[in-house]
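Close look at the chain arrangement
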Amino acid sequence: MEPNLLCFILSTLFGFVLTSFSEHLHNGTSHYNYCVLGAGPAGLQMGFFLSKAKRDYIILERNSGPGSFFTKYPRHRKLISINKVHTGRYNREFNLRHDWNSLLSDKPDLLLRRVSAEFYPPADAFPLYLSMFERELGLKVRYGVDIGRIRSVRSATGRSYILTDQHAADYSCSILLVATGLWVPQEVEFVGSDLAEGYESISTNPDDYKDQAVLILGKGNSAFETAQSILGRASRVHMLSSSPVRLAWQTHYVGDLRAVNNELLDTYQLKSLDGLVEAHLEDIVITKQEERGRRRSGAKNAETRAKLYLGLRKYMQNSDERKGSDEPREELPEHHIDNFPLRKPYDRVIRCLGFRFNFSIFHSSACPLHSENAKGRLPGVTAWYEGKNTPGLFLLGTASHSRDYRASAGGFVHGFRYTARAVHRVLEYRHHGNTWPSTRLMTTQLMSWILKRVGEASGPYQMFEMLGDVVLLQGSHCEYIEEFLLQALPQFSSLSGHEVSSHGLIVVIMQYGKKKIDYLGRNRAETDWTRAWKSNFLHPVLYYYDSLPTEQDMKTRPHGWPLPRPKAIHHMVEDFLTEWDGPLSHIQPLRRFLEHCVQTDLRAFRAETCFRSALTHRKPPLFCQQGYLNRHGVQHYGLPRRSVHQAGLVPVEQVTAGTSTGANPTFPNYLAPAGASVSSGLKLDL
């Protein structure tokens, strides 16, 4: 056979093999528009939105059921997210303010209360609820898929992500939504760190700690949860971390120490053997020494038990060479400081330092950057939760918490259920051309609509200073956009699809006061509406801009402010009942602020006043123009008293032409003296 013919045959065979192999790889890859990694609460929440929009998606979960994290954690099996079943209200949106576990759906009864009615539910109830959520909504979840590698590839159509599982099967998608949560235990390296037990593996039987001295590293909820479970058995419990205890009721951050776990604070302050100490973990040393215990009756020799001593690195010689070995007495702190607080030995040292994001599954082409906060434990994300260097890869749930770490509730179910919805709305506009949902209102309806939102809306209430309502002023009308991402305000038009007119915009948010006070002191609350800007507790704040703030405005905003300095700002004085429906304290000041923004009289008028104004003025008040003079009638005020939060407006696009929008008897009669506009009809809450 001639050499040329042989080469031709070999090259043909080789090409055939490559083609077959390529076809095999192609056929073995599953293609989706959206891949959601993780079937925890964030993954299932996004699955609901994708399913509702009829998108091509798949949820991949490595375990056999949803919410697998909660089958093990918290270790002592009690959630600290409240489940307030009885609020005395039937408003679904309002009740979500006090339900920190349920996900958003179109089914009004698909709530955690169907599984547990306890205020602090058992942890086992949450996976049961998530299973019910997935089953009743028919979400597309594939279990037993353990993704071990994620890489990014570029093509003529753009970037896509390839996910490879334990069986070398590939899943390809244009948009990757990572909702894996935080499950890798956070560790700190120090001399003797190998002698510490981990929160993830300790015994949860209190009797195993009977008469033992225990040192706990950490002062978060997992650390205090562990301490609380053994207080009645351990001889003493000490807690060590670099920072003092931060109490959630002081910081307003639900990730800080909750009262349900803080019994050790009592035993510490009342001097009952337990205590708290501050030191950098990197500076400590833990060594083990064998010590003879007491001889038991009938035993020939005394027991030998290992004791753990805490030292400081600065007192050690050749500390880099000692890895948990025995330490000479002269190198222990008590040799230098005779009242060193942790001079007594311990039987156990337990590490309770929380969890971090699993970066190991990401190839360098797809790995998100580490966050600048939270000690780099979280991925860094943009204001719309996209990876900073990974276009098309979004972070959901606890993994996205770097955006509002220690500032709001984005790391918890009652917060990230709303940020997941915001991410979905961003995707809907970017990839499908669907603008951010909005409600078109007459300007005379605006105040009543704002009062309704601040009195019942759960999204801005839970994600305070992170999500807010944007009102696009357009003269006699306005567009009301709910729950936009505040830190992405400079990109408002490109993310939402709505344009800001020359009339400007108003942003309605919820925020706490910035002044440090005694939150249980006598003067902790502000009740005078003329001093509303001094409110300390959660209250509505309205920012008016005559044009959209820029990225530079966001970067140079005053310290602690959620938004840049506006053209005008209005604080609604804090309300003990969180309803903000006081005619003089809340409604009248709000009306005057809105009138300043829209340069229009927003007061409500009787028919004879509108008639007289039409005869004597070239331009009657807007209320008369959109009501009486437009043959829509005018509301009568001899009505039974009803609170604002128990009524819902009919948006202007829902009002049928020729229908009297002022004849609905559900409008509260006490709004009239405050000058509230009643040009729209009202309906009872669902």
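Preceding this section is the structure that the text describes.
Every value quoted in this text rests on a predicted model; they were computed, and no experiment measured them.

Calculation notes
- Residues numbered from 1 in each chain as written.
- Predicted model: local features only at pLDDT ≥ 70, side-chain atom pairs only at ≥ 80, totals over all residues.
- Heavy atoms only, no water.
- Helix = DSSP H or I, 4+ residues; strand = E, 2+ residues; numbered from the N terminus.
- Buried < 20%, exposed > 50% of the residue type's maximum accessible area, 1.4 Å probe, protein only.
- Contact = heavy atoms within 4.5 Å.
- Areas by Shrake-Rupley, 256 points an atom, 1.4 Å probe, with all protein chains shown as cover.
- Pairing = 2+ DSSP bridges.
- Axes fitted to C-alpha atoms, helices over the stretch in contact; angles between N-to-C directions.
- Disulfide = S-S within 2.5 Å.
- Expected span 1.5 Å × (residues − 1).
- Parallel < 35°, antiparallel > 145°, perpendicular 65-115°, else oblique.
- Left-handed = near helix turned anticlockwise from the far one by under 90°.
- Nonpolar A, V, L, I, M, F, W, Y, C, P; charged D, E, K, R; others polar.
- Salt bridge = Lys/Arg side-chain N within 4 Å of Asp/Glu carboxyl O.
- Polar contact = N/O pair within 3.5 Å; in protein donor to acceptor, adjacent residues only side chain to side chain.

A short note on the overall build of the protein
Of the regular secondary structure elements, the protein holds 15 helices and 25 strands. Out of the 686 residues belonging to the protein, those deemed buried represent 55%. Looking at the protein alone, contacts between residues at least 24 apart form 67% of all its contacts between residues at least 6 apart. As displayed, the protein has an accessible area near 32200 Å², and 51% of this comes from carbon and sulfur atoms.

Regarding the sheet that holds strand S23 (residues 568-571)
The strand order across the open sheet built from six strands is S18-S20-S19-S21-S22-S23, with neighbouring strands paired in antiparallel fashion. Both outer strands of the open sheet, strand S18 (438-442) and S23, are each paired with one neighbouring strand and no more. The sheet shows a mean angle of 20° between the axes of neighbouring strands, direction not considered. Bridging between strand S21 (residues 505-511) and strand S22 (residues 539-545) involves seven bridges; their strand directions are antiparallel. In the sheet register, Val507 faces S22, and the bridge partner there is Tyr543. Contacts from helix H8 (residues 413-432) reach strand S19 (467-474) and strand S20 (477-485), with the element oriented near 120° to S20.

Remarks on the state of the cysteines
Inspection of the entire model under this criterion finds one disulfide. Across the disulfide, Cys610 is cross-linked to Cys624 (sulfur-sulfur distance 2.1 Å). Looking along the S-S bond of the Cys610-Cys624 disulfide, the torsion reads about -75°, which is the left-handed sense. One end of the pair, Cys610, is in helix H14 (residues 607-616); the other, Cys624, is in helix H15 (residues 622-626), with 14 residues separating them in the sequence. Across the pair, exposure class does not vary: Cys610 and Cys624 are buried alike.

A short note on helix H4 (residues 125-137)
Across its 13 residues, H4 extends 18 Å between first and last C-alpha, which sits within 8% of the 18 Å expected from 1.5 Å per residue. Among all positions in H4, only Ala125, Phe126, Pro127, Tyr129, Leu130, Met132, Phe133, Glu134 and Leu137 are buried. Trailing H4 by a residue or two, Gly138 shows a phi angle of about 60°, which is positive.

Quick word on the sheet that holds strand S10 (residues 236-241)
Backbone hydrogen bonds are what pair the strands of a sheet, in a parallel or an antiparallel way. If you trace the five strands from one edge of the open sheet to the other, you get S8-S14-S9-S10-S11, paired in parallel fashion. Two strands lie at the open edges of the sheet, namely strand S8 (197-198) and strand S11 (275-278), each paired on one side alone. Pairing of S10 with S11, which is carried by four bridges, proceeds in the parallel orientation. Its bridge partner lying in S11, Leu240 is registered against Val277. Sheet contacts for helix H5 (residues 221-230): strand S9 (213-217), S10, S11 and strand S14 (348-351); angle to S10, the most-contacted strand, approximately 170°.

Some points on the packing of helix H2 (residues 41-52) against H4
One way to put it is that H2 packs onto H4 with a least axis distance of 11 Å and a crossing angle of 15°. In terms of orientation, H2 lies roughly parallel with respect to H4. Helix-helix and strand crossings are classified by hand; for H2 and H4 the assignment is left-handed. Touching Pro41, Leu44, Phe48 and Ser51 of H2 are Phe126, Leu130, Phe133, Glu134 and Leu137, all from H4. Taken together, the residues that form the contact of H2 with H4 break down as seven nonpolar, one polar and one charged.

Structural notes on the pattern of salt bridges
Summed over all chains, the structure comprises 27 salt bridges. Ionic pairing is found between Glu479 and Arg440, a salt bridge with its closest N-O pair at 3.7 Å. Of this pair, Glu479 sits in strand S20 while Arg440 sits in strand S18, placing them 39 residues apart in sequence. Judged by its relative accessible area of 13%, Glu479 falls in the buried class. Residue classification places Arg440 among the partly exposed residues on the basis of a relative accessible area of 33%. The salt bridge involving Arg531 is made with Glu526; its shortest N-O contact spans 3.4 Å. With relative accessibility at 35%, the residue Arg531 sits in the partly exposed group. A cluster of three or more residues bridged by salt bridges with shared partners is formed by Arg421, Arg453, Asp469, Glu482 and Glu483.

Thoughts on the environment of Ser229
Residue position: Ser229 is located in helix H5. Taking relative accessible area as the criterion, Ser229 reaches 23% and is therefore assigned partly exposed. Sequence-wise, Ser229 and Tyr209 are 20 residues apart; in three dimensions their C-alpha atoms are separated by 9.8 Å. Look past the residues within four positions of Ser229 in its chain and what remains in contact with it is His76 and Pro206. A polar atom in the side chain of Ser229 sits 2.8 Å from the backbone oxygen of Thr226.

A short note on the environment of Ile361
On the secondary structure map, Ile361 appears in the loop between strand S15 (355-356) and strand S16 (386-387). Sequence separation between Ile361 and Arg149 is 212 residues, and the spatial gap between their C-alpha atoms is 4.7 Å. Dropping the residues within four chain positions of it, Ile361 is found in contact with Leu37, Ile147, Gly148, Arg149 and Ile150.

Thoughts on unusual backbone geometry
Pro74 follows Tyr73 through a cis peptide bond whose omega is -10°. For Ala374, which is not a glycine, the phi torsion comes out positive at approximately 55°. We classify Ala374 as buried; its relative accessible area is 6%. Despite not being glycine, Tyr385 has its phi angle at roughly 70°, a positive value. Tracing the backbone shows Tyr385 in the loop between S15 and S16. Using a relative accessible area of 2% as the deciding quantity, one classes Tyr385 as buried.

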